[in-house]
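Coordinates in review
Next come the chains, spelled out residue by residue.
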Amino acid sequence: MAAEATETAVRTLIAPTEMNRRTGRFLHRFVLTATLTGFTLAFVFPLYWMATGALKSSAELADPNPSLLPAAWHPESYAEAWTNVGLGQYFLNTFLLAAGAWLFQLVVDVAAAYALSKLRPVLGNVVLGMMLATLMLPVSALLVPTYLTVVDVPLVHLNLINTPWAVWLPACANAFNIFILKRFFDQIPAELLDSARIDGAGTLRVLVSVVLPLSRPVLAVVSIFAVVGVWKDFLWPMLVLPDPARQPITVALNRLSTDMPANQLLAGMVMASVPLLVLFLIFQRNIIAGLTAGSLKG
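Residues numbered from 1 in each chain as written. Predicted model: local features only at pLDDT ≥ 70, side-chain atom pairs only at ≥ 80, totals over all residues. Heavy atoms only, no water.

Considerations on the layout of surface pockets
By volume, the largest pocket amounts to about 1200 Å³. Val 139, Pro 170, Ala 171, Ala 173 and Asn 174 are, among the 29 residues lining the largest pocket, the residues nearest its centre. Residue composition of the lining of the largest pocket, grouped by class: 21 nonpolar, six polar and two charged. Looking at the second largest pocket, its volume works out to about 250 Å³. Around the second largest pocket sit 14 residues that line it, and Phe 95, Ala 98, Ser 223, Val 227 and Leu 279 are the ones nearest its centre. Broken down by secondary-structure element, the contributors of at least two residues to the lining of the second largest pocket are α6 (87–119), α13 (216–231) and α16 (262–292). The class makeup of the residues in the lining of the second largest pocket is twelve nonpolar, two polar and no charged. (1 Å grid on protein atoms, 1.4 Å probe; cavity = no way out; pocket = protein on both sides within 12 Å on 5 of 7 lines; lining within 4 Å. Points joined across faces, edges and corners; volume = space filled by probe spheres on them. Nonpolar A, V, L, I, M, F, W, Y, C, P; charged D, E, K, R; others polar. Helix = DSSP H or I, 4+ residues; strand = E, 2+ residues; numbered from the N terminus.)

Okay, structure coming up:
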């Protein structure tokens, strides 16, 4: 058994004997470097092209022979894009939509995942299966029924068009986030919850005082997904927020693209992308830790 465990531990894609050879080490490093370089260029180059394109003049952008570096630098296009079309208001609209969606999504998804994981209601597995089944449907298939629901909310018969609720409420029930949260809650030992109940804690107190403090990594992941999902969304806000004064940055840039110079449009796209890039760079470790967290340590 020990020999089998040792053999399994050293079994890799490349045999150890090949790694001991000079040719094997060279090929391994070459393939690894080429793969990492290729993926880095595939993801970074579009961002570089967009950022440098905003520094070019409109005439240079229209040149059929593009250049990697601007012939003449025009950093003022960023300031002009901000002031000429009022991007500050659209950024504020986007921030409010993302903040509200994050808050409501966190409350609803945490409650649903906690109920399915620890309270175990009747037909809970059926409900979870139906939630996960919605992930198999394309977004376009859900647009019409969701839009009809927002136009005339059942029971209360309210029209939510041109209100933030048209974005916040559909974002609440996110099957993917509920699944991630439930999977994490399942790993929390039942003994901890039983101890809290013995001390007199109710269901809500157990959730707030025991479960949530242990779930910070996965809560960070869900929070990031919620903010990014609303921030980069385009089609749904365009449908439910036709009023230009209420539109987020993605919809506003598309609407203003016909009247804006090309370099200012690219500058607006860069500024709209910066918050998400900064958010990812700051919390990338939390994303990986939250997605891979499956048990408690200690």
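There is more to say, and it comes next.
So, the pattern of salt bridges
Oppositely charged side chains can form a pair if their charged atoms are brought close together. Going through the model one piece at a time under the given rule, you end up with three salt bridges. For Arg 197, the salt bridge goes to Asp 194, with nearest N and O atoms at 3.3 Å. Here the residue Arg 197 and the residue Asp 194 both occupy positions in helix α11 (residues 190–198), the gap between them amounting to three residues, near one helical turn. Looking at Arg 197, the relative accessible area reads 34%, which means it is partly exposed. The partly exposed category is assigned to Asp 194, whose relative accessible area is 39%. Residue Asp 243 is joined to Arg 246 by a salt bridge in which the shortest nitrogen-to-oxygen separation is 3.6 Å. In this structure Arg 246 comes out as partly exposed when scored by relative accessible area, which is 41%. (Salt bridge = Lys/Arg side-chain N within 4 Å of Asp/Glu carboxyl O. Buried < 20%, exposed > 50% of the residue type's maximum accessible area, 1.4 Å probe, protein only.)

What about the packing of aromatic side chains?
Applying the stated criterion across every chain, the model contains eight aromatic pairs. Taken together, the aromatic side chains of Phe 45, Tyr 48 and Trp 49 make up a single cluster linked through ring pairs. Across from the ring centre of Trp 49, 4.6 Å away, lies the NZ or CZ of Lys 56, which sits over that ring. (Phe/Tyr/Trp six-rings, centres within 6.5 Å; stacked < 30°, edge-to-face > 60°. Lys NZ or Arg CZ within 6 Å of the ring centre and 35° of its normal.)

In short, the description is geometric, and any link to function would need to be established separately.
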